[in-house]
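Residues per chain, in single letters:
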Amino acid sequence: MLKNNPSTYPLAPLLSLTQGIYWSHQRLLAVASQLSMLVIGSIILTNLIITLGERRLQEEWAIQRYSELQTIGTLVTDKVSFQQFRTLIFANDERLKQYLSNPTAKQQRELQQHWQELVQNIPELLGVTLYDPQGNYKFSTASNFSKDPLSPTLLGVSRQMGGREVYTSPLEFVPIDGKLEAYQYQMAWLEKADQSSMGYIVTYNSMEQMLEAIKPAFSSNRSPMLMLDTQGLLYTGASNLAPLNNIPTSLGASLKQSYPALWREMSMNNFGQFHGEDATFVYLKLELTAQPETRREYYLLSYVRNSDIAAKFYQWQNIVIAASLILTLLAAWVILLSHMYRLQQRSRQYSIDVANGLFNSDIGFMMVNENARVISANTKAAEATLVPLDELTDRSLQRTLCLDDNRYVELMEYVNKMGQWSGDISLESINGPTLRVHVRQAPRASRGSPHLLITLEDISELIQSKQQAFINELLCDSNVAIALTDVNGKLIKMNPAFDTMMQLNGDFNHDLATLLANDLGNQWQRISSQIAMQGQWQGQILCAPKEPRSHCLQATLKGHVGADGEIDYIVCTLEQADERGLNREKRDLIPHRSVILKRLGDLENYFTSLPPQSRLSSSLLLMDINPEGMLSHMSDIDQLANRQQEVEVQLLLETPAHYQILHWQLGKIVMMLPDTDATRAHSFALNMIEKLSGNGLSEGISIGIAGYQEGQTLEQYLNNAEIALRRAKQNNEQNIGQAFTRHQ
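Just so we're clear, the structure is a prediction, and the values are computed from it rather than from any experiment.

Student: Looking at this model, I keep getting lost on the overall build of the protein chain. Mind explaining?
Tutor: What the protein chain contains, in helices and strands, is 26 helices and 26 strands. A total of 744 residues make up the protein chain; the buried ones form 41% of that total. The long-range fraction of contacts in the protein chain, counting pairs at least 24 apart against all pairs at least 6 apart in sequence, stands at 56%. For the protein chain, the accessible area works out to roughly 41,900 Å², and carbon and sulfur atoms hold 52% of it.

If you want it as structure tokens, here you go:
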């Protein structure tokens, strides 16, 4: 009973490794893909935030710069208007009037000196010139301007204007101190009291000096500002800053040619902003004079470089990148933590499932503490020990397994010494089963005595099977020769009587067809078919030619059908034949008639020879003996012929002498029943099926019954029987159908 099995402690590390956190390839690929997507998304989002931030900064700068341009434009317009007013003041000056009324050299010197002082004190005023009524040059302050007469066109324009109006010229260039400078001159008409002309006064004003005076209105003196006319020519604003691509750097250059995209945007709008590849531009259209004849329109253009915007946004960019990096690391940590949490949850759940699978199985489990008392058990353990589950807890192990003191002490000593014990324990004293018990020590959780894990397996059926096998072996140990073979007749098991009779000496490498070749060898295929159809076969074998029949052996081959409906085994029994039984069987086998017609013509002759009254009250019975699917599992069509022959022999034994049988087709038999109405024909068919069933021949048999109609031929008679047979095959109860019959 006591077995020295090796300890199961080495299994514990393997189990813990199986239940631990395991990073599978799929999990690693998932983490890698999620981290990659996180990094890519972080980079895209960071770039998007930086781009939007820079664009937002550009828009804010553009809004601020546009506000500044509006202020500057208003100031420039006011300046030009003031300059016109100042030109009128110059035209109405008393010194000028005195000179015009008395043009002496002294008056001229005083007037020139006065103008020169004004030029020196007013930065944007470049000079003053006086012309006679014909437009010829008279004198001016020291300047670089031409002394040519006024053009007739200019004189014509001035005559169309009123006496209080001032003509303002377009911007032009003049070299001052070695460089070009944009200027604008204004001309006023000097009138007498009778509104006749006394000449013209022209003042020259520097646009660049005017803008320099207004420039402090900008937020930064380094901010560029350009002035262009409606044709895109640059008049002022070529600063000392680093040149920008596509922006003209010399006066008189055309923006229309150097930057067509920007100029197209400006020419279609009076104000707005334009985002280029290198800078963001803001522009505003100015109207310096409002007179239709002298309308002067110009553009103020300013820009800020994208690199300057990026430089201003550099600190915020670093903050965004640092924040994005921190958030990416935190998100990556969250992803790893979530995967680890899921792995731990699954590991914990797997451990619980493993424990439940080990404990809640078809085998009984119990856990016993150091005091040998049950602390936990499953349902199977309660069923095996015949103790309710709620009462099993805190029950002693000795009482639970119904052990006496000596055996319990022996068991515990062996467990403490070897670590485990296996054996069989019978609970017959409480009408319980026999259990296969395995006791082993659990891993120590503390320094105390270890707990015990106990498995209980009910082996009562195994013991009963062994007992039944022993009883069957005793039953087979008789004088009757018995052998067990497979479906092909090969020996599997035999009792001593069969071994002695066949003189095999325990050799199973034989089959019945070979051992009994003279009696069974030639007809083994037919015998196998009969066993398959009827379940058994009986016959006499080993008969001596000159010996009485009692010296023969009666052989019985009985088939055992498996779960699939096929023959798995054959039980062969050999016993001495009984002479009286043979004689009685021979008498019982004398048929009522011995003729079965083979041709339809013979049956027609018999039908024609019947008396009219017998024919009129006759019935025709058509029997189909072919079971459904019979040929699908039979290897030879001759087996159906053998079955039909057996049915015909049975019909010869049971059919009255005045009934006639016809072997019509393979699987179909025709019987002519004279002087038999439909009721008696149906009763005869029922009795016939019962007889065939008693001999195992009724499977798949269907019978159709037709009654004779006056004037019918035999062919019509058979057709009616065919109709009845089809009805019979549709009837699942008796497989008997009738057609064209009349009951009496």
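There is more to say, and it comes next.
Student: Would you mind showing me how to read the sheet that holds strand 10 (residues 279–289) here?
Tutor: Across a sheet, strands are paired by hydrogen bonds formed along the backbone, either parallel or antiparallel in direction. If you trace the five strands from one edge of the open sheet to the other, you get 8-7-11-10-9, paired in antiparallel fashion. The sheet terminates laterally at strand 8 (234–236) and strand 9 (271–275), the two strands that pair on one side only. On average, adjacent strands in this sheet sit at an angle of 30 degrees to one another, irrespective of strand direction. The sheet contact formed by strand 7 (residues 226–229) and strand 11 (residues 296–305) spans four bridges and is antiparallel.

Student: What exactly am I supposed to notice about the environment of Thr455 here?
Tutor: Structurally, Thr455 is set in strand 16 (residues 452–458). Along the backbone, Thr455 and Val437 are 18 residues apart, and their C-alpha atoms lie at a distance of 5.8 Å. For Thr455, the contacting residues outside a window of four places in its chain are Ile363, Gly364, Phe365, Arg436, Val437 and His438.

Student: Explanation requested: the side chain of Asp132 in the structure shown.
Tutor: Checked against the element boundaries, Asp132 lands in the loop between strand 1 (125–131) and strand 2 (137–140). A polar atom in the side chain of Asp132 sits 2.9 Å from the backbone nitrogen of Gly135. Non-local contacts of Asp132, meaning those with residues more than four positions away in its chain, are made with Lys138, Gly199 and Tyr200.

Student: In this structure, what is going on with the pairing of strand 25 (residues 702–707)? I would like to understand it.
Tutor: In terms of burial, strand 25 is largely enclosed, as six of its six residues are buried. Burial along strand 25 is two-sided: the residues Ser702, Gly704 and Ala706 and Ile703, Ile705 and Gly707 are all buried. Here six bridges tie strand 22 (residues 619–624) to strand 25, and the two strands are oriented antiparallel to one another. In the strand pairing of strand 25, Ser619 is matched with Gly707. Here strand 25 pairs with strand 26 (residues 736–739) via four bridges, running parallel. Looking at strand 26, one finds that Ile703 is bridged to Ile736.

Student: What is the right way to look at the nonpolar core in this model?
Tutor: Soluble globular proteins: nonpolar side chains tend toward being buried together. Ranked by size, the top nonpolar core spans 27 residues in total, and within it Met366, Leu392, Trp421, Val437, Ile454 and Leu456 carry the most contacts. Those elements giving two or more residues to this core turn out to be strand 12 (364–368), strand 13 (374–377), helix 11 (379–385), helix 14 (405–418), strand 14 (420–426), strand 15 (434–441) and strand 16. Contact partners of Leu392, with chain neighbours within four places excluded, come to Met366, Val374, Ala377, Ala381, Ala382, Thr385, Val387 and Thr400.

Student: I tried to follow the confidence of the model for the protein chain on my own but got confused; where do I start?
Tutor: In low-pLDDT segments, the atomic positions of the prediction should not be examined closely. For the protein chain, mean pLDDT is 81; residues scoring 70 or higher make up 84% of the total. Confidence drops under a pLDDT of 50 for residues 579–594, and excluding neighbours within four residues, the segment shows 22 contacts in the predicted structure.

Student: Is there a simple way to think about unusual backbone geometry in this case?
Tutor: Residues other than glycine predominantly adopt negative phi, and peptide bonds predominantly adopt the trans conformation. In this structure, Ala372 takes a positive phi of about 60 degrees despite not being glycine. On the secondary structure map, Ala372 appears in the loop between strand 12 and strand 13. Notably, Asp675 is not glycine yet its phi reads approximately 55 degrees, a positive angle. Following the sequence through the fold, Asp675 ends up in the loop between strand 24 (668–673) and helix 25 (678–694).

Student: It is not clear to me how the packing of helix 21 (residues 600–609) against helix 26 (residues 714–730) should be interpreted in this structure. Could you clarify?
Tutor: Angle between the axes and distance between the axes: these two values describe a pair of packed helices. Their axes nearest at 11 Å, the elements helix 21 and helix 26 cross at an angle of 105 degrees. What the angle tells us is that helix 21 and helix 26 run roughly perpendicular. Taking contact as the criterion, the partners of Leu600, Leu603, Glu604 and Phe607 in helix 21 are, on helix 26, Leu714, Tyr717 and Leu718. Looking at the contact of helix 21 with helix 26, its residues break down into six nonpolar, no polar and one charged.

Student: Before we go on, may I ask you to explain the packing of helix 2 (residues 25–91) against helix 6 (residues 207–214) in this structure?
Tutor: Remark: helix 2 packs on helix 6, axes separated minimally by 10 Å, with the N-to-C direction vectors making an angle of 130 degrees. On the basis of the axis angle, helix 2 is oblique to helix 6. The hand of the helix 2/helix 6 crossing is right-handed. Mapping the contact onto sequence places Ile72, Leu75, Val76, Lys79, Val80 and Gln83 in helix 2 and Met207, Met210, Leu211 and Ile214 in helix 6.

Student: Looking at this structure, how should I read the side chain of Asp677?
Tutor: Its location among the elements puts Asp677 in the loop between strand 24 and helix 25. The class of Asp677 is buried, set by a relative accessible area of 16%.

Student: Looking at this structure, how should I read helix 4 (residues 105–121)?
Tutor: Each α-helix winds once per 3.6 residues, and so residues spaced three or four apart point in a common direction. Under the 1.5 Å per step criterion, the end-to-end length of helix 4 is 24 Å for 17 residues, consistent within 8% with the ideal 24 Å. Among the residues making up helix 4, those that are buried are Gln107, Leu111, His114, Trp115, Leu118 and Val119. With its buried residues spanning 140 degrees around the axis, helix 4 presents them on a single face. Residues of helix 4 that are exposed and angled more than 90 degrees away from the buried face: Lys106, Arg109, Gln113, Gln120 and Asn121. Close packing links the buried residues of helix 4 with helix 2, helix 3 (94–101), strand 1, strand 2 and strand 6 (197–206).

Student: Mind showing me how you'd approach the sheet that holds strand 14 here?
Tutor: Within the open sheet, the five strands sit side by side as 13-12-16-15-14. Their pairing is antiparallel. Strands at the two margins of the open sheet, each flanked by one partner only, are strand 13 and strand 14. For this sheet the average axis-to-axis angle between neighbouring strands, irrespective of direction, equals 20 degrees. Here strand 14 pairs with strand 15 via seven bridges, running antiparallel. Across the sheet, the residue bridging to Ile425 is Leu435, located in strand 15.

Student: Even after reading the chapter, I still don't get the pairing of strand 18 (residues 491–494), so can you show me in this structure?
Tutor: Judged from the three bridges that link them, strand 17 (residues 481–486) and strand 18 form a sheet pairing that is antiparallel. Residue pairing across strands places Leu484 opposite Lys493, the latter belonging to strand 18.

Student: Would you take a moment to explain the packing of aromatic side chains for this structure?
Tutor: Centre-to-centre distance and the angle between the planes together describe a pair of aromatic rings. Tallying each qualifying case throughout the model produces 20 aromatic pairs. Between Tyr99 and Phe139 the ring centres are 5.2 Å apart and the planes differ by 90 degrees, which places this aromatic pair in the edge-to-face class. Of this pair, Tyr99 sits in helix 3 while Phe139 sits in strand 2, placing them 40 residues apart in sequence. With respect to class, Tyr99 is no different from Phe139; both count as buried.

Student: Just checking my understanding: could you explain the pattern of salt bridges for this structure?
Tutor: For side chains of opposite charge, pairing can occur when their charged atoms come near one another. Inspection of the entire model under this criterion finds 12 salt bridges. Its salt-bridge partner being Glu124, residue Lys79 comes within 3.7 Å of it at the nearest N-O pair. Placement of Lys79 in helix 2 and of Glu124 in the loop between helix 4 and strand 1 is noted, with a sequence separation of 45 residues between them. Since its relative accessible area comes to 25%, Lys79 is described here as partly exposed. By relative accessible area, Glu124 is classed as buried at 5%. Note that Glu383 and Lys380 form a salt bridge whose closest N and O atoms lie 3.8 Å from each other. Of this pair, Glu383 and Lys380 both sit in helix 11, separated by three residues, roughly a single helical turn. Under the relative-accessibility criterion, Lys380 is labelled partly exposed at 34%. One connected set of salt bridges, linked through shared partners, spans Arg56, Glu59 and Glu60.

Here is what the cut-offs are and how they apply
- Residues numbered from 1 in each chain as written.
- Predicted model: local features only at pLDDT ≥ 70, side-chain atom pairs only at ≥ 80, totals over all residues.
- Heavy atoms only, no water.
- Helix = DSSP H or I, 4+ residues; strand = E, 2+ residues; numbered from the N terminus.
- Buried < 20%, exposed > 50% of the residue type's maximum accessible area, 1.4 Å probe, protein only.
- Contact = heavy atoms within 4.5 Å.
- Areas by Shrake-Rupley, 256 points an atom, 1.4 Å probe, with all protein chains shown as cover.
- Pairing = 2+ DSSP bridges.
- Axes fitted to C-alpha atoms, helices over the stretch in contact; angles between N-to-C directions.
- Polar contact = N/O pair within 3.5 Å; in protein donor to acceptor, adjacent residues only side chain to side chain.
- Core = buried A, V, L, I, M, F, W, Y, C linked by side-chain atoms within 4.5 Å.
- pLDDT = per-residue confidence, 0-100.
- Parallel < 35°, antiparallel > 145°, perpendicular 65-115°, else oblique.
- Nonpolar A, V, L, I, M, F, W, Y, C, P; charged D, E, K, R; others polar.
- Left-handed = near helix turned anticlockwise from the far one by under 90°.
- Expected span 1.5 Å × (residues − 1).
- Arc of directions from axis to C-beta.
- Phe/Tyr/Trp six-rings, centres within 6.5 Å; stacked < 30°, edge-to-face > 60°.
- Salt bridge = Lys/Arg side-chain N within 4 Å of Asp/Glu carboxyl O.

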